[in-house]
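For reference, the chains in residue letters:
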Amino acid sequence: MPHIEITNDLPGISGLMAQRPDTAGPLNAVANTLLRGESPLARGERELIAAYVSELNRTRFCADSHSAFAAAQLEGGQQLVAEVLADPQSAPISPLLRALLRIAAEVQALAQPVSDEAVAAARKEGAGDAEIHDTVLIAASFCMFNRYVNCLATDLPADVSHYTAVADRIVANGYGSAR
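Remember, it's a predicted structure, so these values are computed and weren't measured experimentally. Per-chain numbering applies: the sequence of each chain, read as written, is numbered from 1 onward. Where local features are concerned, this predicted model is filtered to residues with pLDDT of at least 70; where side-chain atom pairs are given and counted, the filter is 80 or more; whole-chain, interface and lining totals use all residues. Hydrogens and water molecules were not included; the side-chain quantities draw on all heavy atoms of the structure.

## Re the overall build of the protein chain
Move 1: For helices the rule is a DSSP run of H or I covering at least 4 residues; for strands it is a run of E covering at least 2, with both sets numbered from the N terminus onward. Per the secondary structure count, the protein chain includes 9 helices and 0 strands.
Move 2: For the protein chain, the N- to C-terminal ordering of α and β elements is α-α-α-α-α-α-α-α-α.
Move 3: For this measure, only C-alpha atoms enter the radius of gyration; the expected value for a globule follows 2.2 Å times N^0.38, where N is the number of residues. Its C-alpha atoms give the protein chain a radius of gyration of 16 Å, within 12% of the compact-globule value 16 Å for 179 residues.
Move 4: Along the first, second and third principal axes, the C-alpha set of the protein chain runs to 50 × 35 × 30 Å.
Move 5: Residues counted as buried form 46% of the 179 residues belonging to the protein chain.
Move 6: Across the protein chain, the fraction of contacts at a sequence separation of at least 24, relative to all contacts at a separation of at least 6, is 64%.
Move 7: Put simply, the protein chain shows about 8700 Å² of open surface, and 54% of that area lies on carbon and sulfur atoms. Working definition: with a 1.4 Å probe on protein chains only, accessible area under 20% of the residue-type maximum means buried, over 50% means exposed, and in between means partly exposed. Whether two residues are in contact is decided by their heavy atoms: any pair within 4.5 Å suffices. Note on areas: Shrake-Rupley, 1.4 Å probe, and residue coverage restricted to the protein chains presented here.

In structure tokens, the structure reads:
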């Protein structure tokens, strides 16, 4: 049961955003910028970083949502996403994405500078400043989004097909359209 009264039937962050449109606008703008705006990383890769951080944070709603959003935009779909969430080191992804996920994991684990080794490994695989910046900002932002959802004890959807339906809307129209 959520810790605050939510006067709609929407699960997770969707319910919080419908409840508080004043905060939903800026939060959706952040999500749109990070996950759909200009970046050298593909949208599906950015969604995968969000899903991975959410999985590490044990935020079921966000991990499942962003897994569906990533799967809808990545070749390999849900199978690939499941492999990455289970073990990014053995998943069939590019060495660059593997190195960026390592950076994301460091951001998720500790609020301190990412290790020189993780940055060097990403640069060795072709990451420039923009890829490293975007990875760190996505990971840091999803730590905040995850805490928002978890700390208010939001509900999960009754049917997991909810995530796929929302993925179709997010991929087509962006954040703010996911009700």
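## Describing the pattern of salt bridges
Move 1: By convention in these notes, a salt bridge is any Lys or Arg side-chain nitrogen within 4 Å of a carboxyl oxygen on Asp or Glu. Tallied over the entire structure, the rule returns 5 salt bridges.
Move 2: For Arg60, the salt bridge goes to Asp64, with nearest N and O atoms at 3.1 Å. Separated by 4 residues within a single helix, Arg60 and Asp64 lie in helix α4 (residues 60-71), roughly one turn from each other.
Move 3: Classification of Arg60 by relative accessible area gives partly exposed; the value is 33%.
Move 4: In this structure, a network of salt bridges that share partners links the residues Glu55, Arg60 and Asp64.

## Concerning the packing of aromatic side chains
The geometry of two aromatic rings is summed up by the distance between their centres and the angle between their planes.
Move 1: The rule is short: rings of Phe, Tyr and Trp, with Trp giving its six-membered ring, pair when the centres are within 6.5 Å, and they are stacked under 30 degrees, edge-to-face over 60, tilted in between. According to the stated counting rule, one finds 3 aromatic pairs in the structure shown.
Move 2: Ring geometry for Phe69 and Tyr175: centres 6.1 Å apart, planes at 70°, overall edge-to-face. Of this pair, Phe69 sits in helix α4 while Tyr175 sits in the segment after α9 (161-173); the two residues are 106 residues apart in sequence, bridging distant segments of the chain.

## With respect to the side chain of Asp134
Move 1: Along the polypeptide, Asp134 turns up in helix α8 (residues 129-151).
Move 2: Residues scored as positive are Lys and Arg, those scored as negative are Asp and Glu, and His as well as the terminal groups of each chain are ignored. Buried and without a salt bridge, Asp134 has Arg46 as its closest oppositely charged side chain, separated by 5.7 Å.
Move 3: Apart from residues lying up to four places away in sequence, Asp134 is in contact with Glu38, Ser39, Pro40 and Leu41.

## Thoughts on the environment of Val114
Move 1: Turning to its location among the elements, Val114 is positioned in the loop between α6 (95-109) and α7 (116-124).
Move 2: On a C-alpha basis, the gap between Val114 and Val136 in space is 8.6 Å, while along the polypeptide they are 22 residues apart.
Move 3: Filtering out sequence-adjacent residues up to four positions away, Val114 remains in contact with Ile103, Glu106, Val107, Val119 and Val136.

## Regarding the environment of Gly128
Move 1: Within the fold, Gly128 resides in the loop between α7 and α8.
Move 2: By relative accessible area, which is 22% here, Gly128 ends up partly exposed.

## Comments concerning the packing of helix α1 (residues 12-19) against α8
Move 1: Here an axis means a line fitted to C-alpha atoms, over the contact stretch when the element is a helix, while the angle between two N-to-C directions is reported on a 0 to 180 degree scale. At a minimum axis separation of 9 Å, α1 and α8 run at an interaxial angle of 85°. Our classification of the angle between α1 and α8 gives roughly perpendicular. Residues Gly12, Ile13 and Leu16 of α1 form the contact with α8, whose own contacting residues are Phe145, Tyr148 and Val149. In what follows, roughly perpendicular refers to angles from 65 to 115 degrees, roughly parallel to angles under 35, roughly antiparallel to angles over 145, and oblique to any angle outside these ranges.

## Looking at the packing of helix α3 (residues 43-56) against α8
Move 1: In the contact formed by α3 and α8, the axes pass within 9 Å of each other and the chain directions differ by 45°. Between α3 and α8, the interaxial angle falls into the category oblique. In the crossing of α3 with α8, the sense of the turn from one axis to the other is right-handed. The residues of α8 that touch α3, namely those facing Arg46, Ile49, Ala50, Val53 and Ser54, are Thr135, Ile138, Ala139, Phe142, Cys143 and Asn146.
Move 2: Within the contact of α3 with α8, the residues separate by chemical class into 7 nonpolar, 3 polar and 1 charged. Should the near helix be turned anticlockwise from the far one by less than a right angle, the crossing is left-handed, and should it be turned clockwise, the crossing is right-handed. Classification convention: Asp, Glu, Lys, Arg as charged; Ala, Val, Leu, Ile, Met, Phe, Trp, Tyr, Cys, Pro as nonpolar; all other residues, Gly among them, as polar.

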